[in-house]
Amino acid sequence: MNVQTDSGELRTLYREVILDHARKPRNFRRLHQATHVAEGINPLCGDKLRLYLMVDDNAQVIDAGFEGSGCAISMASASLLTETIRNLSVREAEACFTSVTARLTQQQASGEPTVDLPKLEALDGVCEYPSRIKCATLAWHTLHAALTQSQTSATTE
Ligand code: ZN
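Calculation rules
- Residues numbered from 1 in each chain as written.
- Predicted model: local features only at pLDDT ≥ 70, side-chain atom pairs only at ≥ 80, totals over all residues.
- Heavy atoms only, no water.
- Donors = N, O, S within 2.8 Å, 3.2 Å for Na, K, Ca; no water.
- Helix = DSSP H or I, 4+ residues; strand = E, 2+ residues; numbered from the N terminus.
- Buried < 20%, exposed > 50% of the residue type's maximum accessible area, 1.4 Å probe, protein only.
- Phe/Tyr/Trp six-rings, centres within 6.5 Å; stacked < 30°, edge-to-face > 60°.
- Contact = heavy atoms within 4.5 Å.

Caption draft 1: Region of interest: the coordination of the zinc ion. Protein coordination of the zinc ion is provided by Cys45 (SG), Asp47 (OD), Asp47 (OD), Cys71 (SG) and Cys135 (SG), with donor distances spanning 2.2 to 2.7 Å. Counting the intervening residues between successive donors of the zinc ion yields the motif C-x1-D-x23-C-x63-C. With Asp47 in strand 2 (residues 47-55) and Cys135 in helix 4 (residues 133-148), this pair connects stretches of sequence that are 88 residues apart. With a relative accessible area of 0%, Asp47 lands in the buried category.

Caption draft 2: Quick look at the packing of aromatic side chains. Counted under the stated rule, the structure contains one aromatic pair. Summarising the aromatic geometry, the rings of Phe28 and Phe66 are spaced 5.1 Å apart at their centres and angled 90 degrees between planes, so their arrangement reads as edge-to-face. Of this pair, Phe28 sits in the loop between helix 1 (6-23) and strand 1 (36-42) while Phe66 sits in strand 3 (residues 61-69), and the two are 38 residues apart along the sequence. Phe66 gets classed as buried once you look at its relative accessible area, which sits at 0%.

Caption draft 3: Summary view of the side chain of Thr82. In this structure, Thr82 sits in helix 2 (residues 72-85). Residue classification places Thr82 among the buried residues on the basis of a relative accessible area of 0%. Ignoring anything within four residues of it in the chain, the contact list for Thr82 reads Arg26, Asn27, Leu51, Ala64, Gly65 and Phe66.

Dropping the structure here:
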């Protein structure tokens, strides 16, 4: 009899969420009317993606999509990202970037805005594999680059 602990079951669940998103990425499409576009690259793993955002006059993200190739974690993270930020304000989307990257790198900065992101708990399991953290944060760094337009490409290095 194999009795799993709660945390073991949760880890399995999270892995299933990641695999599901990696196999069937949501919003895997180019947005021809994107207002914000940025590219991200994680040279350590070879993950590449291009993120498209459509932001309206009220600074709301009304649509998001991505294209790219890479490992399951990078694709799942990008897929989760596009689902998460849709219908958020630009400010909220930036807060997501801050929260997710702090959470994954376990450097929760004091005073930073935090947002409740239940869907993204799936990414927490990645913390156990330090070499994969950059795969998970790539999409979020790309989001930050797209929103701030400070650069057109993001890299995890
Ligand atoms: Zn990767």
